[in-house]
Protein chains: 2
Amino acid sequence: MDSSYTGRRVLVTGGIGFIGSNLAIRLVELGADVLLVDSMLPAYGADLSNIEPVRERVRVNYSDIRDSHSLAYLVQDEDVIFSLAGQVSHSESMADPMTDLEINCAAQLSLLECCRRHNSKARIVFASTRQLYGRPKSLPVTEDHPLDPVDVNGINNLAAEMYYSLYHQVYGIPTVSLRLTNTFGPRMDLRSPNKGFAGVFIRQALAGQTIRVFGDGNQRRDFNHVDDVVEALLLAGAKDDLIGRVFNLGHPQPHSLNEFVACLERLTGCTHEHVPFPADAEMIDIGDYYGDFDRFSKAAGWNPAIGLEQGLEDTIAWFRQRNIG
Amino acid sequence: MDSSYTGRRVLVTGGIGFIGSNLAIRLVELGADVLLVDSMLPAYGADLSNIEPVRERVRVNYSDIRDSHSLAYLVQDEDVIFSLAGQVSHSESMADPMTDLEINCAAQLSLLECCRRHNSKARIVFASTRQLYGRPKSLPVTEDHPLDPVDVNGINNLAAEMYYSLYHQVYGIPTVSLRLTNTFGPRMDLRSPNKGFAGVFIRQALAGQTIRVFGDGNQRRDFNHVDDVVEALLLAGAKDDLIGRVFNLGHPQPHSLNEFVACLERLTGCTHEHVPFPADAEMIDIGDYYGDFDRFSKAAGWNPAIGLEQGLEDTIAWFRQRNIG
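Everything numeric in this text was worked out from a predicted model, so none of it was measured. Residue positions within a chain follow its written sequence, with the count starting from 1. Chains carry letters from A onward and ligands carry numbers from 1 onward, assigned in written order. In keeping with the predicted nature of the model, local features appear solely for residues at pLDDT of at least 70, side-chain atom pairs appear and are counted solely at 80 or more, and the whole-chain, interface and lining totals rest on all residues.

**So, the overall build of chain A**
The cut-off we apply is this: In this text, helices come from DSSP runs of H or I with a minimum length of four residues, and strands from runs of E with a minimum of two, each type numbered from the N-terminal end. Here the globule rule reads 2.2 Å times residues to the power 0.38, and the radius of gyration is calculated from C-alpha atoms. Here the C-beta atoms are placed from the backbone, and a residue counts as buried if at least 20 other C-beta atoms lie within 10 Å of its own, exposed if 12 or fewer do, and partly exposed otherwise.
Helices and strands together make up the secondary structure of chain A, namely 11 helices and 13 strands. Taking 20 Å as the expected radius of gyration for a compact globule of 325 residues, we find that chain A reaches 19 Å, a close match to that expectation. Principal-axis analysis of the C-alpha atoms gives chain A an extent of 55 × 45 × 40 Å. For chain A, with 325 residues in total, the buried portion stands at 53%.

**Some remarks on the sheet that holds strand E6 (residues 175–180) of chain B**
All names here are of chain B. As a reminder, the rule being used: Strands were regarded as paired on the criterion that DSSP finds at least two bridges between them. Angles run from 0 to 180 degrees between N-to-C directions of axes, and those axes are lines fitted to C-alpha atoms, restricted for helices to the stretch in contact.
Read across the open sheet, the seven strands follow the order E3-E2-E1-E4-E5-E6-E11; overall the sheet is parallel. Of all the strands in the sheet, just strand E3 (59–62) and strand E11 (246–248) have a single pairing partner and so form its edges. Sheet twist, expressed as the mean angle between neighbouring strand axes with direction ignored, is 20°. Two elements, strand E1 (residues 9–13) and strand E4 (residues 80–83), share four bridges in a ladder whose sense is parallel. Within E4, the position partnered with Thr13 by the bridge is Ser83.

**A look at the interface of chain A and chain B**
Heads up, the condition is: Placing a C-beta atom from the backbone of each residue, one calls two residues in contact when those atoms lie within 7 Å. Classification convention: Asp, Glu, Lys, Arg as charged; Ala, Val, Leu, Ile, Met, Phe, Trp, Tyr, Cys, Pro as nonpolar; all other residues, Gly among them, as polar.
With 20 residues of chain A at the interface, the matching set in chain B holds 20 residues. When residues of the side of chain A that touches chain B are traced back to their parent elements, those giving at least two are helix H4 (97–118) and helix H5 (152–171) of chain A. With nine residues, H5(A) is the largest single contributor of residues to the side of chain A that touches chain B. Across the side of chain A that touches chain B, the residue classes break down as 17 nonpolar, two polar and one charged.

**Here we look at the sheet that holds strand E11 (residues 246–248) of chain A**
All names here are of chain A. The seven strands are arranged E3-E2-E1-E4-E5-E6-E11 in an open sheet whose pairing can be described as parallel. If you trace the sheet from one side to the other, it starts and ends with strand E3 (59–62) and E11, each paired once. If you compare each strand with its neighbour and ignore which way they point, the axes differ by 20° on average. Pairing of strand E4 (residues 80–83) with strand E5 (residues 123–129), which is carried by four bridges, proceeds in the parallel orientation. In the strand pairing of E5, Phe82 is matched with Val125.

**So, the packing of helix H1 (residues 18–29) of chain A against helix H7 (residues 226–238) of chain A**
Residues and elements named next belong to chain A. Counted only if it meets this: Note on angle classes: values under 35 degrees are labelled roughly parallel, values over 145 roughly antiparallel, values of 65 to 115 roughly perpendicular, and the remainder oblique. Handedness of a helix crossing follows the sense of rotation of the near helix relative to the far helix, less than a right angle counterclockwise being left-handed and clockwise being right-handed.
One way to put it is that H1 packs onto H7 with a least axis distance of 9 Å and a crossing angle of 65°. Regarding the angle of H1 to H7, the classification is roughly perpendicular. Between H1 and H7 lies a crossing of right-handed hand. Across from Phe18, Ile19, Asn22, Leu23 and Arg26 in H1, the residues of H7 making contact are Val226, Val229, Val230, Leu233 and Leu234. Among the residues making up the contact of H1 with H7, the classes are represented as eight nonpolar, one polar and one charged.

**Some points on the nonpolar core**
For clarity, the threshold we go by: We call a set of buried Ala, Val, Leu, Ile, Met, Phe, Trp, Tyr and Cys residues a nonpolar core when their C-beta atoms link them within 7 Å.
Of all hydrophobic cores here, the largest spans 201 residues; its most connected members are Ala159(A) and Ala159(B). If sequence neighbours within four positions are ignored, Ala159(B) has contacts with Cys105(A), Ile155(A), Asn156(A), Leu158(A), Ala159(A) and Cys105(B).

**What to know about the relation of the copies chain A and chain B**
Note the following rule: The copies are overlaid by a least-squares fit using only the C-alpha atoms of residues whose pLDDT is at least 70 in both copies.
When chain A is fitted onto chain B, the two copies agree to an RMSD of 0.0 Å after a turn of 180° and an axial shift of 0.0 Å. As the rotation angle and translation indicate, the two copies are arranged about a two-fold axis. Residue Ala159(A), judged by its C-alpha, is the member of chain A lying nearest the rotation axis, at 3.1 Å. Mapped onto chain B, 100% of the interface residues of chain A are again interface residues, and the two copies thus contact each other with one and the same surface.

**Remarks on the pairing of strand E5 (residues 123–129) of chain B**
Residue and element names in this part refer to chain B. Stated formally: With strands facing away from the observer, any crossover in which the path from the first strand over the helix to the second runs clockwise is taken as right-handed.
Taking burial as the measure, the seven residues of E5 include seven buried ones, the bulk of the element. Of the two faces of E5, both are covered, the one formed by Arg123, Val125, Ala127 and Thr129 as well as the one formed by Ile124, Phe126 and Ser128. Here six bridges tie E5 to E6, and the two strands are oriented parallel to one another. What sits directly across from Thr129, in E6, is Leu180. Chirality of the crossover, the property in question, places the unit of E5, helix H5 (residues 152–171) and E6 among those that are right-handed.

**Looking at the confidence of the model for chain A**
The condition is simple: What pLDDT conveys is the predictor's confidence in a given residue, as a value from 0 to 100.
On average, residues of chain A score 95 in pLDDT, and 99% of them are at 70 or above. Both confidence scores are given for the complex: pTM 0.95, ipTM 0.93.

**Section: helix H6 (residues 197–206) of chain B**
Residues and elements named next belong to chain B. A large share of H6 lies buried, amounting to nine of its 10 residues. Buried within H6 are the following residues: Phe197, Ala198, Gly199, Phe201, Ile202, Arg203, Gln204, Ala205 and Leu206. Each element contacted by the buried residues of H6 is listed here: strand E7 (182–184), strand E8 (211–214), helix H8 (257–268) and helix H11 (308–321). Two residues or fewer after H6 comes Gly208, characterised by a positive phi angle close to 70°.

**Quick look at unusual backbone geometry**
Residue and element names in this part refer to chain A. In the segment running from Leu139 into Pro140, the intervening peptide bond is cis, with an omega of -10°. Here Pro140 shows up in the loop between E5 and H5. Non-glycine residue Met40 carries a positive phi angle of around 60°. In the Ramachandran plot, Arg187 falls in the positive-phi region, its phi being about 75° despite a non-glycine side chain. When you line up the elements, Arg187 lands in the loop between strand E7 (182–184) and helix H6 (197–206). Given 23 C-beta atoms within a 10 Å radius, Arg187 is considered buried.

This is the structure:
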């Protein structure tokens, strides 16, 4: 990995958001020539302070991935493209499904068309999601588990991932998709109330509020620290034998929401309470989920290095240093 | 069935195209109050002569399903909506994927949003496609076969079908999806060169041309006469225990392309030749396909009544009477 990105031209869509900015910082360390593309939509997690450590060492281009004209120009000379920009809220995808479709489905197809026409050699890494599986029929969930999403966001991401695979099969464009699970860590968006419980719980903990857990909190999930996710993305952008394939991320140690909350309580002294599931949230909740990431572990040599306790400690410390919360 | 549609308000998108117009004629016979919505895009099969037998007994509204404003108004008072409008060419979906997405994916989600907001009681029947399965991994293909489309059209239809199922699960909108296979018969669009081999072969046979078969012609497919498909759609719009479900259509007797051609040769005296598969067509060809329609047969009592030979004889006669070909 150390030299894979040296001098390489790398574009990151959503590059000023949570995962994108963490990736950008690491890419700069590795000597890449980094171009960040971001629409700066406030609700989607973009925050210029995210890239403060590398602000003078990256190029920033403000544009929305729905703008196919600028995208066609921007992809031209890039060696690697990380497609991270997206609408990630499940509940928001139900409230405004057409916007979710434009960003998570149409803009992804548009990016592929731009590459097909203007730069068919660029490696593209697509940040897909475990939401494609819907409610697990068996655990841990492998890549062969049926795809049965329970919300518009999951359907649109499924279509997008299929476009990426298809454009490899038909046109030979070197694409790789990683199905991300719950990602947390520094620079995560704590402001949005509807981007998953992890950010909400961490915000409540930092603010000294009582964490409100929907239901009994026994649902188990797998959590990846963003540094491990960045490492996975970098591998996906560098290793040739991953091309054309789809991989789960995941963590060897799933945790219940209650364990997640207990960890936050130890770190911050906050408390929690259980409240009934709101009807709209329950409708699209997937229950227990944890993924089998053996395929990616074997193919790329990736294994998450950071556990939940250590990861949350790091996350809380990062936000506290910045007086956020 | 006989009285299910009497006095019912029925909207058919794509109602002036191949399947839509055949459905419209039958709906008028059954006493329905029929509204046909069509954009009249020439390449998509709309032809006013298709509805000549019922022209004075249906309402016609010219609008495109991508126009969500008119759609919101049009759906308001309907009891049953048949969503048939679509871009059906696989090769065209590769040449112009964004248009395919707008029609087959975005406009379907938009129709569902219109119904959710303005008429959440209307039964909606979605004409889905066997293209969702891609290249069969086992035959006959059941509804549980993995979904692995090999072209943009298949991916977009998959997303659309999932929206229909989701809107039933989450909002209780009564949707039913039928996965159609090769449909042929009177009013099929013979002008388009890229809407599947059946129309192309029939046009070549009617014109006395040599039928050009790509490859060895041994691929087997199942063929439904449009009258059988119309019957299936009517059942899907009438029977309550089908709601929220997805069904294959199909035929008990699959035929090879060579058998299809031999049948046309007997009926018209035409000849054929084998030519190599063009690269772009071969890339998205799915090989042998025939579906298992047992689920729909059991749930709806549907069985196709028309075989290939009888169906082609009827089709050839229909076009010859109109001096088409």
